[in-house]
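Tertiary structure, described
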Amino acid sequence: MKVGFVGLGNVGGKLAGSLLRNGIDLTVLDLDPDLMAEFVARGAAKSSGPGALMRDSDVVITCLPSPAACNAVVSEMLDEVRDGKIWLEMSTTDEAEVKRLGAEVIARGGAAVDCPVSGGCHRADTGNISIFAGCDRATFERVLPILTVLGRRVLHTGELGSASVLKVMTNYLATANLLTVCEALVTMKAAGLDLATTYEAIKISSGTSFVHETESQVILNGSRDISFTMDLVKKDIGLFQDIADRSGVPLEISPLMIEIFKDGIERFGERAQSDDIIRRLEEATGLDITAPGFPAEMVDDEPEEPGYEVVPARA
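Quick look at the structure, then. It should be emphasised that the depicted structure is a prediction, and the values quoted were computed from it without experimental measurement.

Attention now goes to the side chain of D114. The residue D114 is located in strand β6 (residues 111-114) in this model. Although buried, D114 forms no salt bridge, and the nearest oppositely charged side chain, K99, lies 9.1 Å from it. At 3.0 Å, the side chain of D114 and the backbone nitrogen of G161 are in polar contact. Within the structure, the side chain of D114 is placed 2.7 Å from the backbone nitrogen of S164, a separation counted as a polar contact.

Printed below as a string of structure tokens:
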């Protein structure tokens, strides 16, 4: 199977790396020629553009920073879609947009799947990330072999677009976790508690979370580097708010989170690391929320394992 991959950024580059590492015939495309050159040096081919990539591939994967970027790329691919071609959208994007573009692909005889990932760049790097997949069941079974190369746990979420809705939800929850962890760490420091002890207290308690056990470490190190930026957080939680608005749900916490990240972007810049949001509280209190012994970046120390489908329990 020949696979084309568009978007070699923080997440996409690591997903594409999993394909290369597992011997997949891979062709890459990115606006950054240095990123493409790096992958060519590792054994990938490079494409001249989106249309050529679709023409020469069985499956084309997009992993891009915004719905607008995805629209620009897929629009250029459409004339090359034929029976049997598959488009996998691995970006975190808008449900309506992925359904619109997917319908264009399907109308030309191809298949479309929205399959965003969750679990952090460190797990994308090892092939241990989780993947949601929205499409009909027959298409899911066609793409499952490649999804289990890209990730470990693969969940078929229902029709096209459903995976994007669930992914936006998980990013909303992760952001809420991040903000509460920041408040907890700063408050414990202000109350005189040791931060290493605070980290362990949270980790072994009912207050723990995936975000705490990973991101709190790079917060305490001071690097705050999780390869995810404030503008992307604002986009994702904004998409969640849009879903709630369309569904008539009067959210209370979500609007506040959006305002917090708007303020963070104004202070530190839209490309600041998302964990830099704790600096708002550091500046307000004059406290330094760092501690020795924590890593500068998140690393997945679990061995890469074959992927598998996660099947929801039903009565």
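What follows is about the environment of I289. Mapped onto the elements of the fold, I289 is located in the loop between α13 (279-285) and β10 (308-310). Beyond its immediate sequence surroundings of up to four residues, I289 is in contact with L185, V186, K189, L195, I219, L220, R224, I278 and E282.

This next bit is on the pairing of strand β9 (residues 153-158). Relative to β9, strand β8 (residues 130-134) runs parallel, the two being bridged by five bridges. Its bridge partner being in β9, S130 is matched across the sheet by R153. Chirality of the crossover, the property in question, places the unit of β8, helix α7 (residues 137-150) and β9 among those that are right-handed. Sheet topology note: the β9/β10 ladder contains three bridges and is parallel. Paired with L155 across the strands is V310, a residue of β10.

Criteria and thresholds
- Residues numbered from 1 in each chain as written.
- Predicted model: local features only at pLDDT ≥ 70, side-chain atom pairs only at ≥ 80, totals over all residues.
- Heavy atoms only, no water.
- Helix = DSSP H or I, 4+ residues; strand = E, 2+ residues; numbered from the N terminus.
- Buried < 20%, exposed > 50% of the residue type's maximum accessible area, 1.4 Å probe, protein only.
- Lys, Arg positive; Asp, Glu negative; His and termini not counted.
- Salt bridge = Lys/Arg side-chain N within 4 Å of Asp/Glu carboxyl O.
- Polar contact = N/O pair within 3.5 Å; in protein donor to acceptor, adjacent residues only side chain to side chain.
- Contact = heavy atoms within 4.5 Å.
- Pairing = 2+ DSSP bridges.
- Right-handed = clockwise from strand over helix to strand, strands pointing away.

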